[in-house]
Amino acid sequence: MAAPAITRKELLDRLRVEFPEASHAVGDYEIEELWRGGCRLRQRYDKRALRPGGTHAGTTMMALGDFATYIAVLSAIGWVPLAVTTNLTINFLKKPPARDLLAQARLLKLGRQLAVGEVAIRADCDDELVAHVTSTYSIPPGSPVK
């Protein structure tokens, strides 16, 4: 795997500054691995994110998938905080158990204006997917796609 366009430490530092109000910047998510065009994130289990029936809420998995794609995009183009989601589709495949979720994201296509990615979400210690996300990010004009 190729080295990312931004280091994990620099990315975390910039997220903390740019998004101080967002728990994902330093709290709920952990960037376990980062490479050019991809990443693996862990979302720590939190009973407040459960829905009736003792499973993770769909919105929780959608946010994880979106954030994982954002990190994958930044790993490929460097720090461009104004890259934004233009489309996101999620398929819920299996009821996830009440434990950490792991998201592995990779870019399928990186252009000057758009990046398309996919994210596989699993529960910790389980090989089966609980959700599959595809999304498109818009990259602001003039951004240095590295």
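To continue, consider helix 2 (residues 58-77). In a regular helix each residue adds 1.5 Å, so 20 residues correspond to 28 Å; helix 2 covers 29 Å between its end C-alpha atoms and thus fits that length. Of all 20 residues in helix 2, 15 are buried, a share of seventy percent or more. Where helix 2 ends, the next residue or the one after it, G78, has phi of about 90°, a positive value.

Here the focus is the sheet that holds strand 5 (residues 84-92). Taken in spatial order, the six strands line up as 1-2-6-7-8-5 in an open sheet, and their pairing is antiparallel. The open sheet is flanked by strand 1 (29-35) and strand 5, the only strands paired with a single partner. Strand-to-strand twist in this sheet, taken as the mean axis angle between neighbours without regard to direction, amounts to 20°. Note that strand 6 (residues 101-110) and strand 7 (residues 114-123) share nine bridges and pair antiparallel. Directly across from L101, in strand 7, lies its bridge partner A123. Contacting strand 1, strand 2 (38-43), strand 5, strand 6, strand 7 and strand 8 (129-138), helix 2 runs over the sheet at an angle of about 45° to strand 6.

What counts as what
- Residues numbered from 1 in each chain as written.
- Predicted model: local features only at pLDDT ≥ 70, side-chain atom pairs only at ≥ 80, totals over all residues.
- Heavy atoms only, no water.
- Helix = DSSP H or I, 4+ residues; strand = E, 2+ residues; numbered from the N terminus.
- Expected span 1.5 Å × (residues − 1).
- Buried < 20%, exposed > 50% of the residue type's maximum accessible area, 1.4 Å probe, protein only.
- Pairing = 2+ DSSP bridges.
- Axes fitted to C-alpha atoms, helices over the stretch in contact; angles between N-to-C directions.
- Contact = heavy atoms within 4.5 Å.

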